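Structural overview
Residues per chain are reported as follows:
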Amino acid sequence: MAKAYLQGVEISATQFLDIWHHYDNDGNGYIEGKELQNFIKELQQARKQAGLELTEAMKVFVEKYGQNADAQIGMVELVQILPTDENFLLFFRQQLKSCAEFMQAWRRYDADHSGYIEADELKSFLRDLLQKAKKSYDDKKLEEYTQTTLKMFDSNNDGKLCLAEMARLLPDQENFLLKFQNVKMPAKEFNNIFELYDQDGNGYMDENELDALLKDLCEKNQKVLDINNIATYKNAIMALSDGGKLYRTELALVLCADEN
C-alpha cells in the first residue's frame, strides 16, 4: 500500500507514516543504504505509473542520494519531498528553526515538568503550531495529527514523547541532542557530575558552571562533541532553565540515560 501512496497528488499524514514505516525496515529512525535506494527506485516508478513528473524537490533529492549507497535520511528530509498537503511537520520546522527555540517550546508545553510531552500537551502544542501557521483544522484533524505524531516519534510506545524522541522533528544539523545521546550517563554518575559542577552547592547550574561541564564533556568525547560548538550547546540547554537557573531535572533531560 505504501508504494501506491507514492502515486498520489497529495499524501495524508497517516499515509506518510505508512510510507515511512515501509521503507525504514529496521525501525532505526532512518531510511538508509538499500532502504533508501529502494525508496528512490520505487518513487520514480510510482510517479511514472501515475503519469506524474518528479517535482523539482524530488529531482534534487534523487540527484543528491541516488548514487550514494552510504546515505541516510531522517523523517524531516522525507517530508520535504513528498506532496503532503497536511504537513504539520513542516510547520514545526518553519516555526522552530533552532535547537534553542525547540528547547524553549519543550519547557513551555511540558506543563507538568514531568520530562515528557503527553498526549494532551502534544495536542496543545500542535494546536498552537497550526494557529501560528494560519492553517485551518477541526477537532478530528487535530486528533489525527496528535496520534500520528505519537506513532511517528514514540519509539518505546509509552504514549508520550521524551525530549530525544520529539527532537527528531529537527533537521540533523540543528539537532545536537542526537550527539548527546552518545554521552548520556547512568543516574548515579549524572548526580555525581551535577554535584561536582554545581560548585556553590545551590542546587542549580548557572551559565559558567554549565560551560565548565560542557568543555570537559567535549574534551572527553572528542569523536562525538565539537568543542567549537559549546556556545550552541550551552544556549540550547540553558533554554530549559528557569531564569538562568538550570536545575538537575532539566539537565537530566539531556545527560541522564533513562534506566527504566
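Summarised in this report is the structure supplied together with it. None of these values were measured; they are calculated from a predicted model.

1. Observations regarding helix 9 (residues 139-153)
Note on helix geometry: an α-helix contains 3.6 residues per turn, so any two residues three or four positions apart are oriented the same way. Relative to the 21 Å expected for 15 residues at 1.5 Å per residue, helix 9 spans 21 Å between its end C-alpha atoms, a close match to the ideal helical length. Among the residues making up helix 9, those that are buried are Leu142, Tyr145, Thr146, Thr148, Thr149, Leu150, Met152 and Phe153.

2. Notes on the packing of aromatic side chains
Per the stated rule, a full pass over the model turns up seven aromatic pairs. Taken together, a centroid distance of 6.1 Å and an interplanar angle of 90 degrees make the contact between Phe39 and Phe61 edge-to-face. With Phe39 in helix 3 (residues 34-49) and Phe61 in helix 4 (residues 56-65), this pair connects stretches of sequence that are 22 residues apart. Considered together, Phe39 and Phe61 belong to a single accessibility category, that of buried residues. With 5.6 Å between their ring centres and 65 degrees between their planes, Tyr204 and Tyr247 make a pair best called edge-to-face. Remark: Tyr247 occurs in strand 6 (residues 246-247) and Tyr204 occurs in strand 5 (residues 204-205); sequence separation between them is 43 residues. Overall, Tyr204 belongs to the buried group, its relative accessible area being 19%. Here a set of aromatic residues connected by ring pairs shows up, and it is made of Tyr23, Phe39, Phe61 and Tyr65. Over the ring of Tyr116 we find Lys160, and its NZ or CZ is 4.3 Å from the ring centre.

3. A few points about the packing of helix 7 (residues 99-109) against helix 14 (residues 230-238)
As a packed pair, helix 7 and helix 14 sit with axes 7 Å apart at the nearest point and diverge in direction by 15 degrees. With respect to each other, helix 7 and helix 14 are oriented roughly parallel. Crossing of helix 7 over helix 14 shows right-handed handedness. Contacts between helix 7 and helix 14 involve Cys99, Ala100 and Met103 from the former and Asn235, Ala236 and Ile237 from the latter. Across the contact of helix 7 with helix 14, the residue classes break down as five nonpolar, one polar and no charged.

About the thresholds
Residues numbered from 1 in each chain as written. Predicted model: local features only at pLDDT ≥ 70, side-chain atom pairs only at ≥ 80, totals over all residues. Heavy atoms only, no water. Helix = DSSP H or I, 4+ residues; strand = E, 2+ residues; numbered from the N terminus. Expected span 1.5 Å × (residues − 1). Buried < 20%, exposed > 50% of the residue type's maximum accessible area, 1.4 Å probe, protein only. Phe/Tyr/Trp six-rings, centres within 6.5 Å; stacked < 30°, edge-to-face > 60°. Lys NZ or Arg CZ within 6 Å of the ring centre and 35° of its normal. Axes fitted to C-alpha atoms, helices over the stretch in contact; angles between N-to-C directions. Parallel < 35°, antiparallel > 145°, perpendicular 65-115°, else oblique. Left-handed = near helix turned anticlockwise from the far one by under 90°. Contact = heavy atoms within 4.5 Å. Nonpolar A, V, L, I, M, F, W, Y, C, P; charged D, E, K, R; others polar.

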